[in-house]
2 protein chains.
Amino acid sequence: MPYSYDYPRPALTVDCVIFGLDEDGLKVLLIKRGGEPFRGCWAIPGGFVDMDESLEQAARRELEEETGLKSVYLEQLYTFGDPGRDPRGRVVTVAYWALTRVLAEPVRAASDADSAAWFAVDDPPKLAFDHARVLEVAHERLRSKVRYQPVGFELLPRDFTLSQLQQLYEILLDRPIDKRNFRKRVMDLDVLVDTGEVQQDVAHRAAKLYRFDRRRYEQLLRSGVNFEI
Amino acid sequence: MPYSYDYPRPALTVDCVIFGLDEDGLKVLLIKRGGEPFRGCWAIPGGFVDMDESLEQAARRELEEETGLKSVYLEQLYTFGDPGRDPRGRVVTVAYWALTRVLAEPVRAASDADSAAWFAVDDPPKLAFDHARVLEVAHERLRSKVRYQPVGFELLPRDFTLSQLQQLYEILLDRPIDKRNFRKRVMDLDVLVDTGEVQQDVAHRAAKLYRFDRRRYEQLLRSGVNFEI
DNA sequence: CCAAAAGTGTTTATGATACACCCATGT
DNA sequence: ACATGGGTGTATCATAAACACTTTTGG
C-alpha cells in the first residue's frame, strides 16, 4: 500500500443522543451496558466505526443494533476526544443527535446492550464515560436549534394538534407561550397542512389535526425564510 | 491492559481552517504540501493526533508547526470521515476553525510544509483531499455565526475604526449596511471602548479608534444579551 | 477650497407582545 | 348544564429600516 500511515491510532466510536417526548416531558434514550467497562451502567448508545462505513452509517447501525431504532435523521453534534475519557485507552467519539417520537418507537433491548429505556433529560441516571457531558452538549444544541428551526415536528406523531405543538415548544423553550401568538406565528410559517381530520375520543371539542410539510419547509428554507419561533 | 480494544482503526487527524482579513477581503490560510499524497498541492493545515494530547491541543500544535501561528481561539467545526476521502486509507479528520488578523500574523513556511500563504476565500486554489468541502463548511459556519455573535473583532487590529468594523461586516454578510444604523447597533451592544486615540496619516478627518472589550462581552453574553447585528 | 471619509437624529414601517371571550363536545 | 380544552382578533409597544446633511482634515 503506497504512503500508508503507521502511527499509533486512537480508537474511534460514534454515539447517538436520541431525544424523545412523552406526556412527562423531554426524554433521552439510553442503554444499559452489557460489557466492561461500566458494565450495568447506563450509557448513550454507540460503538465502533468499521473501516468501510461512513461515520453517520456507523451511528445509524449502532443505534439500530442497540435499540432497534432506525430511520431517524441524525445530525453531527460534536467530537469528544480528551485523553482519559475512556479507561481502556485513547478513544475518540463522534457524537450524533436526533429527535424521534417516543410512543411511535418502542425500544427493544438488542444485541449489544442489556436493555434500552427512555429517561427524563432533566434527571438522567449516572452515565458511563463522559456521557453526562455529551448529553449536556446535545441538550444545549437542541435548545438553541429549536429557536430558529422547526425541529420539533420530529418529536410529535405524524398528525398533531396545535396545542400539542405548543406544549412541545413550551417544554423545549422552558417558558409559557401565548396561544394566539403561537398559532399566528406557526400558521404564518406556512409549513403545516390541515389533514381534515380531528382528534378522537376527547372529552371536549376535538382539535384539528395538522401534518408537517417537510417538502414545503425545505423549499422555504432554501429561499431564505426565517423560521424563528 | 484490561479491556483493551483490538479493532482495525481509522487514522485520526485534525485540520485548521484559519480565516483572516486584509484590504482585499476575506482570506484563508493554506499550506503547500511537502509530502505525498498531493505533494505540492495546497491544503488546509493539519496533521495527526498524538496519543496523549487532546484534539484541540493537536490542532493548535499542527497549526503552529506548519504556519507559525499560535494563540488563536480554535473552535471545533465538524468531523469528516467518509471512506475514500484520503487515498492512503481510512482517515478521519476533526476540523477546527478560527479567525485571526492577517497583518498582525505574518505566516512562515515551517517544518511540515513547504510554505504557507493566504488565499481569497472566494477564489481558492485546487485543494488536496476533501479540503474544498471543509473550507466550504467553515465559510458557511462563519457566515452564520457572524449574524448573532460579534466574532468579527478577531479579524481586525486591536484598535479599529467603526468604518473598518462596518467594512468587515459588509464583507462577511456580503451586503451593504447603513452607516448610521450600524453605528447605533454596535454602540448599543456596549462592548467597545473608546481608546481616546484617532487614526493617523489619513487624508481626511481622522476616525476615532475603538477596542473590543472581551471581558464586558462575556459578561453580557452570560446575562443573556442578544448580539445580533 | 476641494476631496474624502467621519460623524450624527428623526420618521416610518414592521413585527412582537399583551390580552379575553365564545365555541364545540362529552359526560 | 357544566367542565374542558379549541379556537379566534385587535390595540399597543418596541425594534428595524430608510434616509441627508454637516464636520474635520490633508492636500
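Residues numbered from 1 in each chain as written. Chains lettered and ligands numbered in written order. Predicted model: local features only at pLDDT ≥ 70, side-chain atom pairs only at ≥ 80, totals over all residues. Heavy atoms only, no water.

1. What to know about the overall build of chain A
Across its full length, chain A carries five helices and ten strands. Considering only contacts within chain A whose residues lie at least 6 apart along the sequence, 64% involve residues at least 24 apart. With the model as given, the accessible surface of chain A reaches about 11600 Å², and the carbon-plus-sulfur share is 45%. With 33 positive and 38 negative side-chain charges, chain A shows a spacing of 4 Å between the two charge centroids. (Helix = DSSP H or I, 4+ residues; strand = E, 2+ residues; numbered from the N terminus. Contact = heavy atoms within 4.5 Å. Areas by Shrake-Rupley, 256 points an atom, 1.4 Å probe, with all protein chains shown as cover. Lys, Arg positive; Asp, Glu negative; His and termini not counted. Charge placed at Lys NZ, Arg CZ, Asp CG, Glu CD.)

2. Here we look at the packing of helix 3 (residues 162-173) of chain B against helix 4 (residues 179-189) of chain B
All names here are of chain B. Between helix 3 and helix 4, the shortest axis-to-axis distance is 11 Å and the interhelical angle comes to 100°. As summarised for this structure, helix 3 and helix 4 are arranged roughly perpendicular, according to the angle between their axes. Between helix 3, through Leu162, Ser163, Leu165, Gln166 and Tyr169, and helix 4, the contact on the second element is made entirely by Lys179, Phe182, Arg183, Val186 and Met187. Considered class by class, the residues forming the contact of helix 3 with helix 4 number six nonpolar, two polar and two charged. (Axes fitted to C-alpha atoms, helices over the stretch in contact; angles between N-to-C directions. Parallel < 35°, antiparallel > 145°, perpendicular 65-115°, else oblique. Nonpolar A, V, L, I, M, F, W, Y, C, P; charged D, E, K, R; others polar.)

3. A look at the confidence of the model for chain A
In the predicted model, chain A carries a mean pLDDT of 90, and the fraction of residues at 70 or more is 93%. Here strand 7 (residues 113-120) of chain A stands out as the element of chain A with the lowest mean pLDDT, 84, in contrast to strand 5 (residues 75-80) of chain A, whose mean of 98 is the highest. (pLDDT = per-residue confidence, 0-100.)

4. Section: the protein's contact with DNA strand D
Surrounding DNA strand D, one finds 19 residues, the nearest of these being Ser163, Lys179, His204 and Lys208 of chain A together with Arg205 of chain B. Among the atoms of DNA strand D lying within 4 Å of the protein, the sugar-phosphate backbone contributes 37%. Between Arg183 of chain A and DNA strand D, the recorded distance is 3.3 Å, taken from a side-chain N or O atom to a phosphate oxygen. Within the side chain of Lys184 of chain A, a nitrogen or oxygen atom sits 3.0 Å from a base oxygen of DNA strand D. Of all elements in the fold, only helix 4 (179-189) of chain A together with helix 4 of chain B reach the threshold of two or more residues within the surface near DNA strand D. Tallied by class, residues from the surface near DNA strand D come to four nonpolar, four polar and eleven charged. (Near = heavy atom within 4 Å. Polar contact = N/O pair within 3.5 Å; in protein donor to acceptor, adjacent residues only side chain to side chain.)

5. Thoughts on the domain arrangement of chain A
Residues and elements named next belong to chain A. Partitioning chain A into domains gives domain 1 (11-146) and domain 2 (151-222). Computed from C-alpha atoms alone, the centre-to-centre distance between domain 1 and domain 2 is 27 Å. Contacts between domain 1 and domain 2 engage twelve residues on the former and twelve residues on the latter. When domain 1 packs against domain 2, the two sides together hide about 1100 Å² of surface, and 77% of this comes from carbon and sulfur. (Domains from an automatic or database assignment. Buried area = accessible area lost by both parts, 1.4 Å probe.)

6. Let's talk about the interface of chain A and chain B
Listed by partner, the interface residues are 33 residues for chain A and 33 residues for chain B. Inspection of the chain A/chain B interface yields zero salt bridges. There are ten residue pairs in polar contact (both at pLDDT 80 or more) connecting chain A and chain B. Broken down by element, the side of chain A that touches chain B gets its largest block of residues, four residues, from strand 5 of chain A. A class-by-class count of the residues in the side of chain A that touches chain B yields 20 nonpolar, four polar and nine charged. (Salt bridge = Lys/Arg side-chain N within 4 Å of Asp/Glu carboxyl O.)

7. Here's the deal with the relation of the copies chain A and chain B
Its rotation angle being 180°, the transformation that places chain A on chain B also includes 0.0 Å of axial translation and leaves an RMSD of 0.1 Å. What the superposition gives is, in effect, a two-fold axis relating one chain to the other. Interface residue correspondence from chain A to chain B reaches 100%, placing this contact among same-surface, isologous pairings. (Least-squares fit on C-alpha atoms with pLDDT ≥ 70 in both.)

8. Considerations on the environment of Lys32 of chain A
All names here are of chain A. Looking at where Lys32 falls in the secondary structure, it is placed in strand 2 (residues 25-33). On the accessibility criterion, Lys32 (28% relative accessible area) is partly exposed. Each C-alpha atom of the pair Lys32 and Val137 lies 21 Å from the other, and the pair is 105 residues apart in sequence. (Buried < 20%, exposed > 50% of the residue type's maximum accessible area, 1.4 Å probe, protein only.)

9. Re a positive patch on the surface
Residue and element names in this part refer to chain A. Taken together, the side chains of Arg143, Arg147, Arg175, Lys179, Arg180, Arg183, Lys184 and Arg185 present a region of like positive charge at the surface. Per element, the largest residue contribution to the positive patch is five residues, and it comes from helix 4. You can see Arg183 is positioned in helix 4. With a relative accessible area of 32%, Arg183 lands in the partly exposed category. (Patch = residues over 30% accessible without salt bridge, like charges linked within 9 Å, V, L, I, M, F, W, Y side chains within 5 Å.)

10. Concerning the pattern of salt bridges
Residue and element names in this part refer to chain B. This model, assessed by the stated rule, comprises 36 salt bridges over all chains. Residues Arg61 and Glu53 are paired through a salt bridge, measuring 2.7 Å at the closest nitrogen-oxygen approach. Its relative accessible area of 22% is what places Arg61 among the partly exposed residues.

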